[in-house]
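# Results of the structural survey
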Amino acid sequence: MELKDVKIILNRIKVNYPSFVNDDYTRSEWYKELKDYSLEDVMKKLEQHFRSEQYGNSIPKVYFLTKYLTKEKEKKAKESIYYICPFCKKNVLPEFYEEHYSKCSSIDYLMNLSKKYFDKPLNKEKLEQADDDVFEEYYWTFSYKLLDVLEKDTPQYKSLENKIKSYENKEINFNVEDILE
């Protein structure tokens, strides 16, 4: 925030509270406190103060206006935080991480089992670039083929069969105890 922005805030306060002193010293002190915050955020807090039944009758204090606000530098730092995917090692923004992780772990699953049971490497890049519908279709096609080659009494077979039945909205055949026995 710049000094001109602080002047705007102080003028709004002066209009609403005529006894408020808006001099050079006040502007200097308020600027020291407000310089790290955005004008928009402080104005929202000021508006809340004006409309508050509890505090609206008293002149706002600069510390009240900054309480619970995030400084601009901290906002920018939050914007640059990324998670690292354990499968592909890419940096992913937090809001996309869960979806990315789900797809990436599925790709890893497909690649490992394709190599193990079909001795066929898959094109990881193609899987990563596939849109959700195409990827889902491939995933379930692969799962059906995998079910045909797994030994029937293994936990992996029972678990995969349950997963397929669930996908088809059918009743599952195995409970946890059945799978782990």
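Our subject is the structure that appears above.
All of these numbers come straight from a predicted model, not from anything done at the bench. (Residues numbered from 1 in each chain as written. Predicted model: local features only at pLDDT ≥ 70, side-chain atom pairs only at ≥ 80, totals over all residues. Heavy atoms only, no water.)

## Let's talk about the packing of helix H1 (residues 3–16) against helix H2 (residues 24–34)
Which entries qualify depends on this criterion: Note on method: axes are straight lines fitted to C-alpha atoms, helices fitted across the in-contact stretch only, with angles between N-to-C directions ranging 0 to 180 degrees. In this text, helices come from DSSP runs of H or I with a minimum length of four residues, and strands from runs of E with a minimum of two, each type numbered from the N-terminal end. For any helix crossing, the convention is left-handed if the near helix is rotated counterclockwise from the far helix by under a right angle, and right-handed if that rotation is clockwise. Contact criterion: two residues are considered in contact whenever any of their non-hydrogen atoms come within 4.5 Å of each other. Amino acids are sorted into nonpolar (Ala, Val, Leu, Ile, Met, Phe, Trp, Tyr, Cys and Pro), charged (Asp, Glu, Lys and Arg) and polar (every other residue, Gly among them).
Where H1 meets H2, the closest approach of the two axes is 9 Å, and the angle between their N-to-C directions is 115°. When the axes of H1 and H2 are compared, the crossing they make is right-handed. Of H2, the residues touching H1 (which contributes Leu3, Val6, Lys7, Ile9, Leu10 and Ile13) are Thr26, Arg27, Trp30, Tyr31 and Leu34. Looking at the contact of H1 with H2, its residues break down into eight nonpolar, one polar and two charged.

## Description of the packing of helix H6 (residues 94–118) against helix H8 (residues 132–149)
Packing of H6 against H8 brings their axes to within 11 Å, and their N-to-C directions diverge by 35°. Crossing angle aside, the handedness with which H6 passes H8 is left-handed. Across the interface between the two elements, Glu99, Lys103, Ser106, Ile107, Tyr109, Leu110, Leu113, Ser114, Tyr117 and Phe118 of H6 pack against Asp132, Phe135, Tyr138, Tyr139, Phe142, Lys145, Leu146 and Val149 of H8.

## Thoughts on the nonpolar core
Cut-off, in case you're wondering: What makes a nonpolar core is a set of buried Ala, Val, Leu, Ile, Met, Phe, Trp, Tyr and Cys residues whose side-chain atoms join them at distances within 4.5 Å. Summary of the burial criterion: residues with accessible area below 20% of their type's maximum are buried, those above 50% are exposed, and those between are partly exposed, where the area comes from a 1.4 Å probe applied to protein chains only.
Counting 17 residues, the largest nonpolar core has Ile9, Ile13, Trp30, Leu34, Val42 and Leu46 as the members making the most contacts within it. Residue assignment for this core shows that the elements contributing at least two residues are H1, H2, helix H3 (39–51) and helix H4 (62–66). Once you skip the residues sitting within four places of it in the chain, Leu34 turns out to touch Met1, Val6, Ile9, Val42, Val62 and Thr66. Core analysis: the next-biggest nonpolar cluster, separate from the first, contains 16 residues, Ile107, Phe142, Leu150 and Tyr157 among them.

## Section: unusual backbone geometry
The phi dihedral of Lys89 is positive, around 65°, even though this residue is not glycine. In this structure, Lys89 sits in the loop between strand E1 (83–84) and strand E2 (91–92). For Lys89, a relative accessible area of 58% corresponds to the exposed category. Its identity as a non-glycine residue notwithstanding, Asp119 has a phi of 50°, on the positive side. Its location among the elements puts Asp119 in the loop between H6 and helix H7 (124–129).

## Description of helix H9 (residues 155–167)
Put simply, the test is: Expected helix span is computed as 1.5 Å times (number of residues minus one).
The end-to-end C-alpha distance of H9, which contains 13 residues, comes to 18 Å, matching closely the 18 Å that a straight helix rising 1.5 Å per residue would cover. Taken as a whole, H9 has its buried residues at Tyr157, Lys158, Leu160, Glu161, Asn162 and Ile164. Those residues of H9 that are buried lie in contact with H6, H8 and helix H10 (176–180). Looking one or two residues beyond H9, the residue adopting positive phi is Asn169, at roughly 60°.

## With respect to the pattern of salt bridges
Just so we agree on the cut-off: Any carboxyl oxygen of Asp or Glu that lies within 4 Å of a side-chain nitrogen of Lys or Arg is treated as forming a salt bridge with it.
Scanning all chains against the criterion turns up eleven salt bridges. The closest approach of N and O atoms between Lys32 and Glu29, which form a salt bridge, is 3.2 Å. With Lys32 and Glu29 both in helix H2, this residue pair falls three residues apart, about one helical turn. In this structure Glu29 comes out as partly exposed when scored by relative accessible area, which is 31%. One salt bridge connects Lys75 with Asp41, and the closest N-O pair in it is separated by 2.4 Å.

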